[in-house]
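Given next are the chains, with one letter for each unit.
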Amino acid sequence: MVNIVNVDITEAVAVLRDEVLDTVEHGDRDPPGSEVFDGVLRALSVGGESVPGLDLALHDAVSRRLAWGDSEEAVLADAERVFDRLCVAVERAFRDPTDQMVVIEATTQVAVTVSRVVSLAAVARASRDRAARLREEMAQRQLKEVLEKQKATIDRLEKDLASELR
């Protein structure tokens with residue numbers, strides 16, 4: 001019985017896709033946040049039977065967006081926009097408060113998963129940036145030491161040459 005209800009809710013939410021994602025504005029391209037909406041549909045279809053937050057397709061989609069240059073802020077803003085628009089659409093489309101809560105809970109779970117993926121990516125990027133900055137500082141320090149040694153060698157050679165010319 002639960003699976004039939006989840007299938008009905010999933011299909012009803014899927015109908016709201018164009019409205020929530022504002023697909024008209026984006027034409028043939030996938031609109032921003034489509035990975036979030038698809039994650040909500042997957043969360044609704046499993047009906048809480050999987051480990052919360054473990055949606056590898058959502059993780060891959062968000063990671064791919066970040067890898068292709070979308071900023072963390074843009075990804076989070078798209079997730080927030082989908083969450084807000086879906087909550088409004090669900091409130092209008094569903095009369096039963098229980099159904100509304102099921103969809104809102106799944107949407108919240110997906111939004112939290114997106115936030116977690118983005119924060120982990122940001123921490124990893126910050127670690128890489130810090131390591132690169134430390135490598136650069138070390139290389140600059142080594143270059144400075146080499147230049148100081150060269151300057152000392154040049155000064156010594158100039159003194160030796162000056163003493164030989166006298």
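Refer to the structure above for everything that follows.
Below you will find a few notes about this structure. Here the structure is a predicted model, which means the values were calculated and not measured. (Residues numbered from 1 in each chain as written. Predicted model: local features only at pLDDT ≥ 70, side-chain atom pairs only at ≥ 80, totals over all residues. Heavy atoms only, no water.)

Each helix and strand in the chain was counted, giving seven helices and zero strands. The linear arrangement of helices and strands in the chain, starting from the amino end, is α-α-α-α-α-α-α. Burial status across the chain gives 28% buried among its 166 residues. Taking the intrachain contacts of the chain between residues at least 6 apart in sequence as the baseline, contacts between residues at least 24 apart amount to 70%. In the structure as shown, the chain presents an accessible area of about 11,300 Å², 58% of it carried by carbon and sulfur atoms. (Helix = DSSP H or I, 4+ residues; strand = E, 2+ residues; numbered from the N terminus. Buried < 20%, exposed > 50% of the residue type's maximum accessible area, 1.4 Å probe, protein only. Contact = heavy atoms within 4.5 Å. Areas by Shrake-Rupley, 256 points an atom, 1.4 Å probe, with all protein chains shown as cover.)

The next thing to look at is the packing of helix α6 (residues 72-93) against helix α7 (residues 97-165). Between two packed helices, both the angle of their axes relative to each other and the distance between the axes serve to describe the pair. Two elements in contact, α6 and α7, have axes separated by 10 Å at closest approach and are oriented at 180°. When the interaxial angle is binned, α6 and α7 end up roughly antiparallel. Where α6 approaches α7, its residues E72, V75, L76, A79, F83, L86, C87, V90 and E91 are matched on the opposing element by Q100, V103, I104, T107, T108, A111, V114, S115, V118, A122 and R125. A class-by-class count of the residues in the contact of α6 with α7 yields 13 nonpolar, four polar and three charged. (Axes fitted to C-alpha atoms, helices over the stretch in contact; angles between N-to-C directions. Parallel < 35°, antiparallel > 145°, perpendicular 65-115°, else oblique. Nonpolar A, V, L, I, M, F, W, Y, C, P; charged D, E, K, R; others polar.)

Tracing the backbone shows A79 in helix α6. Residue A79 is classed as buried on the basis of its relative accessible area of 5%. Separated by 45 residues in the primary sequence, A79 and S34 have C-alpha atoms spaced 8.9 Å apart. Once residues lying within four places of it in the same chain are set aside, the contact partners of A79 are V36 and V114.

Evaluation of the coordinates by the stated rule reveals nine salt bridges. E35 is the salt-bridge partner of R65, the closest N and O atoms lying 2.7 Å from each other. Of this pair, R65 sits in helix α5 (residues 56-67) while E35 sits in helix α4 (residues 34-46); the two residues are 30 residues apart in sequence, bridging distant segments of the chain. For D160, the salt bridge goes to R156, with nearest N and O atoms at 3.8 Å. With D160 and R156 both in helix α7, this residue pair falls four residues apart, about one helical turn. (Salt bridge = Lys/Arg side-chain N within 4 Å of Asp/Glu carboxyl O.)

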